[in-house]
Amino acid sequence: MKLISKRIYLDYNATAPLADTVQQWLASGALPFGNPSSVHTTGKKSKKLVNDTSAYLKSIFGLQSHALFYHSGATEGINNIVKGFCFQMLREKSEFHFVSFSTDHSCVFTQKEHVELLGGSFHLLDVDKDGHYNKDSVIKYVNELSGNVLINFTLVNNETGVIWNLADIKSIKDQTNAKIHVDAVQLIGKTDCSFELSNSIDFYTFSGHKFGAMKGVGFTFADESVSCLSPLITGGGQQGNLRSGTENTHGIYSLKLALEEVLKNYQPEVLKLEKEFLEKSIQEKYGNRIHIVAVNAKRNYNTIYLIVSTVKIDIMLTAFDMAQIDVSSGSACSSGTVKASRVLLSMGYSEEDAKNSIRISLPYNTKKGQAKSFFAKIESVFDRFIL
Ligand code: PLP
């Protein structure tokens, strides 16, 4: 739990507070300012921060032979991959397809327009009620496409917390000719501790602010398949020409500091038990008046996604806000109307249910016994509406 004034912040899938180590480093004021591309000593001091971070990230994720490039976050990283692939296919005059899933983040989903504009085909594959896809159907589907194929898999879903098995993704890689991008944004501090990623996957993307680094910085790993990407952001040729522009040195170093802090303090078993306690308490108290999404699926350790169909979601969210609890919803609100969650609709939920969702996402460093106090707070809001 992070107390921000008196508030209880339970929206860690949206973003995380800055790690203490990052706050202390920024407050120290000892921040190298040189341009990391400069050849003088001042520039080299900044370059060292970037190099140290890259060496650290490669070793933590076990991706020594992948190239690594930084950007402004996963939205940009994924745009680099998808559009970079389209541009390269255009250059090579090859037929191309981008395959994604109906539960992917909107920065993946919205690629449709540009993929098609650039002459490719966009494919949206379905998931079942538990948010899972059928591996054999995906292999069959992809193998029937002619031309070059890029597939996006979301390792941990930001709304539901559903985890997709990396071994399954690897086996799809082995049984097709597709290039594979894994959106790993929600991995850190939310699943078991092992960050060892498979070397056989072409691309992985992360966003720093999801685990305590600064906002506006993220990173992508790319293996030799990087040759099928045409750089989207061109300019001075920084980062091996993968993404031009002077590197966000401070943001980049904050990735290392934040990840070190997560690895030092993260106790996945504690988080898992606390989440289970909170979920069980909600189930026991409210029974079928509150539905837990994908309750039987393999899910991460920090996310509880609820459908409270008897209560209008905007009223409920306001009540949470006034009770000083920060939670979120999968539905979007624009000009006074609530729009159903695309993810829930695609999992087969009704329009009404897909509007009335509440997502609770716990901190990676939730302490033993803390879920009890979270439940007391959450209960105080629910009791006003659900009896
Ligand atoms: N992918 C997933 C699974 C996410 O949860 C998010 C952000 O919520 C993104 C991509 C985009 O990340 P950012 O907003 O940091 O660019």
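Up top you'll find the structure we're talking about.
Residues numbered from 1 in each chain as written. Predicted model: local features only at pLDDT ≥ 70, side-chain atom pairs only at ≥ 80, totals over all residues. Heavy atoms only, no water.

Participant: What's the story with the site of the ligand in this structure? I'm lost.
Facilitator: In the vicinity of the ligand, the contacting residues are Gly73, Ala74, Thr75, His105, Cys107, Asn158, Asp183, Val185, Gln186, Ser207, His209 and Lys210. Within the contact set of the ligand, an oxygen atom lies 3.4 Å away from a side-chain nitrogen or oxygen of histidine 105. Here an oxygen atom of the ligand sits 2.7 Å away from a polar atom, N or O, in the side chain of histidine 209. In the complex, the protein chains occlude 86% of the 390 Å² of accessible area that the ligand would expose alone. Classifying every residue of the shell around the ligand by side-chain character gives 3 nonpolar, 7 polar and 2 charged. (Near = heavy atom within 4 Å. Polar contact = N/O pair within 3.5 Å; in protein donor to acceptor, adjacent residues only side chain to side chain. Areas by Shrake-Rupley, 256 points an atom, 1.4 Å probe, with all protein chains shown as cover. Nonpolar A, V, L, I, M, F, W, Y, C, P; charged D, E, K, R; others polar.)

Participant: Can you help me understand the packing of aromatic side chains in this one?
Facilitator: Think of a pair of aromatic rings as described by two things: how far the centres are apart, and how the planes are tilted against each other in angle. Going through the model one piece at a time under the given rule, you end up with 20 aromatic pairs. Between the aromatic rings of phenylalanine 61 and phenylalanine 219, the centroid separation amounts to 6.1 Å while the plane-to-plane angle is 45 degrees, which identifies the pairing as tilted. With a gap of 158 residues between them, phenylalanine 61 in helix H2 (residues 41–61) and phenylalanine 219 in strand E9 (residues 218–222) connect regions that are remote in the sequence. Using a relative accessible area of 0% as the deciding quantity, one classes phenylalanine 61 as buried. Among the aromatic side chains, those forming a connected cluster through ring pairs are Phe61, Phe195, Phe206, Phe219 and Phe221. The aromatic ring of tyrosine 56 is capped on one face by lysine 256, whose charged end is 5.5 Å from the ring centroid. (Phe/Tyr/Trp six-rings, centres within 6.5 Å; stacked < 30°, edge-to-face > 60°. Helix = DSSP H or I, 4+ residues; strand = E, 2+ residues; numbered from the N terminus. Buried < 20%, exposed > 50% of the residue type's maximum accessible area, 1.4 Å probe, protein only. Lys NZ or Arg CZ within 6 Å of the ring centre and 35° of its normal.)

Participant: Would you take a moment to explain the environment of alanine 16 for this structure?
Facilitator: For alanine 16, the location among the structural elements is in the loop between strand E2 (7–9) and helix H1 (20–28). Those residues in contact with alanine 16, other than ones at most four positions away along the chain, are His209, Lys210, Phe211, Gly212 and Lys215. (Contact = heavy atoms within 4.5 Å.)

Participant: What am I meant to see in the environment of lysine 190 here?
Facilitator: Checked against the element boundaries, lysine 190 lands in the loop between strand E7 (179–183) and strand E8 (203–207). When the C-alpha positions of lysine 190 and leucine 232 are compared, they lie 31 Å apart, and in sequence the two are 42 residues distant.

Participant: For this particular structure, what's the right way to read the sheet that holds strand E15 (residues 357–361)?
Facilitator: Neighbouring strands of a sheet are bound in pairs by backbone hydrogen bonds; such pairs are parallel or else antiparallel. Within the open sheet, the 3 strands sit side by side as E10-E11-E15. Their pairing is antiparallel. Because the sheet does not close on itself, it has two edges, and the strands there are strand E10 (291–292) and E15. Two elements, E10 and strand E11 (residues 303–307), share 2 bridges in a ladder whose sense is antiparallel. Looking across to E11, one finds that isoleucine 292 is bridged to leucine 306. Across the sheet, helix H9 (residues 268–286) touches E10, E11 and E15, and the angle it forms with E11 is around 15 degrees. (Pairing = 2+ DSSP bridges. Axes fitted to C-alpha atoms, helices over the stretch in contact; angles between N-to-C directions.)

Participant: Sorry, what's going on with the sheet that holds E7 here?
Facilitator: Pairing in this open sheet of 7 strands is mixed, and the strands run E3-E9-E8-E7-E6-E4-E5 from one edge to the other. A single partner strand is all that each edge strand has here, and the edge strands are strand E3 (67–71) and strand E5 (121–125). When the angles between neighbouring strand axes are averaged without regard to direction, this sheet yields 20 degrees.

Participant: Would you explain unusual backbone geometry in this entry?
Facilitator: Only a minority of non-glycine residues have a phi that is not negative, and only a minority of peptide bonds are not trans. One non-glycine residue with positive phi stands out, namely lysine 93, at about 55 degrees. Of note, lysine 93 is situated in the loop between helix H3 (74–91) and strand E4 (96–101). Given the relative accessible area of 76%, lysine 93 is considered exposed. Backbone geometry at alanine 294 places phi at a positive 55 degrees, although glycine is not the residue there.

Participant: Just to check I follow, could you spell out the side chain of glutamine 111 for this structure?
Facilitator: Locating glutamine 111 in the fold gives a position in helix H5 (residues 111–117). Setting aside residues up to four positions removed in sequence, glutamine 111 forms contacts with Asn79, Val82, Lys83, Phe98 and Phe122.

Participant: Looking at this structure, I do not really get the packing of H9 against helix H13 (residues 370–385). What am I missing?
Facilitator: Axis separation between H9 and H13 bottoms out at 9 Å; the angle between their running directions is 30 degrees. Here H9 is positioned roughly parallel relative to H13, judged by the angle of their axes. When the axes of H9 and H13 are compared, the crossing they make is right-handed. Within the contact between the two elements, H9 uses Glu274, Phe277, Leu278, Ser281, Ile282, Lys285 and Tyr286 and H13 uses Gln370, Ala371, Lys372, Phe374, Phe375, Ile378, Glu379, Phe382 and Asp383. In the contact of H9 with H13, the residues fall into 9 nonpolar, 2 polar and 5 charged. (Parallel < 35°, antiparallel > 145°, perpendicular 65-115°, else oblique. Left-handed = near helix turned anticlockwise from the far one by under 90°.)

Participant: I would appreciate a short explanation of the packing of helix H10 (residues 313–322) against H13 in the present structure.
Facilitator: The N-to-C vectors of H10 and H13 enclose an angle of 145 degrees; their axes lie 10 Å apart at closest approach. You can see that H10 and H13 cross each other, and the crossing is right-handed. Contacts between H10 and H13 pair Ile315, Met316, Ala319 and Phe320 from the former with Ile378, Val381, Phe382, Arg384 and Phe385 from the latter. Residue composition of the contact of H10 with H13, grouped by class: 8 nonpolar, no polar and 1 charged.

Participant: I keep staring at the state of the cysteines and nothing clicks. Help me out?
Facilitator: The term disulfide refers to a covalent linkage connecting the sulfur atoms of a pair of cysteines. Scanning the entire structure with this criterion turns up 0 disulfides. With no disulfide of its own, cysteine 107 lies 14 Å from the sulfur of cysteine 86, the closest cysteine sulfur. Cysteine 86 provides the cysteine sulfur closest to cysteine 228, a residue in no disulfide bond, and the two sulfurs are 11 Å apart. Using a relative accessible area of 8% as the deciding quantity, one classes cysteine 228 as buried. (Disulfide = S-S within 2.5 Å.)

Participant: Even after reading the chapter, I still don't get the pattern of salt bridges, so can you show me in this structure?
Facilitator: If the charged atoms of two oppositely charged side chains come close together, the side chains can form a pair. Applying the stated rule across the entire model yields 16 salt bridges. The salt bridge partner of arginine 243 is glutamate 76, with a shortest N-O separation of 2.8 Å. You can see arginine 243 sitting in the loop between E9 and helix H8 (249–265) and its partner glutamate 76 sitting in helix H3, a full 167 residues away along the chain. One exposure class covers both arginine 243 and glutamate 76, and it is buried. Of the charged contacts, one joins glutamate 260 and lysine 256 as a salt bridge, the two residues approaching to 2.9 Å between their closest N and O atoms. With glutamate 260 and lysine 256 both in helix H8 and 4 residues apart, this pair spans about one turn of that helix. For lysine 256, a relative accessible area of 15% gives the class buried. One connected set of salt bridges, linked through shared partners, spans Arg7, Asp321 and Asp326. (Salt bridge = Lys/Arg side-chain N within 4 Å of Asp/Glu carboxyl O.)

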